[in-house]
Amino acid sequence: MATKVNVTRNDYKVFYPITTRWMDNDIYGHVNNVTYYSYFDTAANNFLINHCGLDIHNSHIIGFVVSSGCEYLAPIAFPDKIEVGVRIDRLGNSSCQYGIGIFTEKEEQACAFGHFIHVFVDRVSNKPVQIPDDMRKNMKKIEVTLSS
């Protein structure tokens, strides 16, 4: 039996609002599980663009998603307004693991949470590259220390 997970807004450093869409709901009347990964992707890339200066069209590096996972705690449905919390759980040389939390507007407890890992690669060669210093500096601002 699963234990109750307590994931709150205090666990995250920055938030991005997302409005659910009619098409996000599935036949059961709630947001389909795969849609959460779209929210993860949107939030992580918002962070890179707005806080790290990543130019998604012209930068020499891009981020490839190599792993993601999600734990679902409570359903959400259109027309819910949600806020996606982002933090950095692990910062490597060429990769980072984001911690992501999905919250309904004004709720303290997460509806879902998980991870999203980017490996940064050269846009042309697709080979891993070191995260640029300016980007790393901004990632460190939302990095957390996880207890084991």
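Residues numbered from 1 in each chain as written. Predicted model: local features only at pLDDT ≥ 70, side-chain atom pairs only at ≥ 80, totals over all residues. Heavy atoms only, no water.

K.L.:
Can you explain unusual backbone geometry? Please cite residues and give values.
P.N.:
In this structure, the amide linkage connecting phenylalanine 78 to the following residue, proline 79, adopts the cis form with an omega of 15°. Turning to its location among the elements, proline 79 is positioned in the loop between strand 2 (61-72) and strand 3 (81-91). The phi dihedral of lysine 106 falls on the positive side, at around 75°, and the residue is not glycine. Exposure remark for lysine 106: the relative accessible area of 71% places this residue in the exposed category. In this structure, asparagine 126 takes a positive phi of about 60° despite not being glycine. Inspection of the secondary structure puts asparagine 126 in the loop between strand 5 (112-122) and helix 2 (133-140). (Helix = DSSP H or I, 4+ residues; strand = E, 2+ residues; numbered from the N terminus. Buried < 20%, exposed > 50% of the residue type's maximum accessible area, 1.4 Å probe, protein only.)

K.L.:
Describe the environment of threonine 42, with residues and values.
P.N.:
Note that threonine 42 resides in helix 1 (residues 33-52). The sequence separation of threonine 42 and isoleucine 18 amounts to 24 residues, and the corresponding C-alpha distance is 8.8 Å.

Any functional reading would require information beyond the geometric quantities listed.
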